[in-house]
Amino acid sequence: MSPRREGRILLIACGALAREILDLRAINGWTHLDLTCLPAKLHLYPERITGAVREAVARHRDAYAAIFVVYADCGTGGDLAKACDKMGVEMIAGPHCYSFFEGNAAFAARGDTDMTAFYLTDFLVRQFDAFVIRPMGLDRHPELRDMYFGNYTKLVYQAQTDDPALTEKARACADRLGLAFERRFTGYGDLAPALARL
């Protein structure tokens, strides 16, 4: 067991958020925050997220003054929030990262207008084949596209950074899925203020 790092806070985060968290930490000089990430592919199996977070908290609890979980509900049906409450650790608010990147209030205000939107973040644009195409089998069975995406009308790219190359890649992802394209520059949304208060 390592000695407690007084005043240090561990962020237990989804690997899909690592770059954004490290960028925010560097920009703001939040040197008291350490980061450990769980595999982003857990989102393919949301029922495994809560157990993985529990294990990470148990593994690191004695070494830190506090732990903050950088997962929203992410398809756990409230189980992650209940587990965090029971463990006495805080977590970021929201149903999923698309909501907190947009800003939870702004996302909720869109309501039904975005019901048929498929979302990508900077991470998902970069990792589109690994996290969308291959897990859904679309690389082997492109005919499944309409089955998976037939009820979507648009792809919304929530840009954390202003990168024209990523925007073009996101547009190509929309074309590949047969969806209209919309880019929203969200920056870090509610992630920045959530970390700033730690």
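Above: the structure in question.
In this report, the structure presented in the accompanying data block is examined. (Residues numbered from 1 in each chain as written. Predicted model: local features only at pLDDT ≥ 70, side-chain atom pairs only at ≥ 80, totals over all residues. Heavy atoms only, no water.)

Some points on the state of the cysteines
Test applied: Two cysteine sulfur atoms form a disulfide, by the criterion used here, when they sit within 2.5 Å. Partly exposed describes any residue whose relative accessible area lies between the buried limit of under 20% and the exposed limit of over 50%, with all areas from a 1.4 Å probe on protein chains only and scaled to the type maximum.
Tallying each qualifying case throughout the model produces zero disulfides. Of the cysteine sulfurs around C37, a residue in no disulfide, the closest is that of C14, at 7.5 Å. Its sulfur unpaired, C74 is 6.2 Å from the next cysteine sulfur, which belongs to C97. Owing to a relative accessible area of 10%, C74 belongs among the buried residues under this scheme.

Brief notes about the nonpolar core
As a reminder, the rule being used: By nonpolar core is meant a set of buried Ala, Val, Leu, Ile, Met, Phe, Trp, Tyr and Cys residues that side-chain atoms within 4.5 Å join together. Think of it this way: any DSSP run of H or I at least four residues long counts as a helix, any run of E at least two long counts as a strand, and we number them from the N terminus. Residue contacts are counted whenever heavy atoms from the two residues lie within 4.5 Å of one another.
Y71 and L191 are the most contacted members of the largest nonpolar core, which has 65 residues in total. The leading source of residues in this core is strand β1 (residues 5–14), at six residues. Residue contacts for L191: discarding those within four places in its chain leaves E20, I21, L24, V70, I92, F100 and F101.

Remarks on the layout of surface pockets
Operational definition: Both site types are read off a 1 Å grid over the protein atoms alone. A 1.4 Å probe that fits but cannot get out defines a cavity, while an open set with protein on both sides within 12 Å along at least five of seven lines defines a pocket; lining residues have an atom within 4 Å of a point. Grid points are joined across faces, edges and corners, and a volume is the space filled by probe spheres set on the points. Put simply, Ala, Val, Leu, Ile, Met, Phe, Trp, Tyr, Cys and Pro go in the nonpolar bin, Asp, Glu, Lys and Arg in the charged bin, and everything else, Gly too, in the polar bin.
Its boundaries defined by the atoms lining it, the largest pocket holds a volume of some 720 Å³. Forming the boundary of the largest pocket are 31 residues, of which H43, Y98, F118, Y119 and L124 lie nearest the centre. Of the residues that constitute the lining of the largest pocket, the class distribution is 24 nonpolar, five polar and two charged.

Remarks on unusual backbone geometry
Peptide bonds are mostly trans, and most non-glycine residues show a negative phi. Although it is not a glycine, C74 sits at a positive phi angle of roughly 55°. For C74, the position within the fold is in the loop between β3 (64–70) and α3 (79–87).

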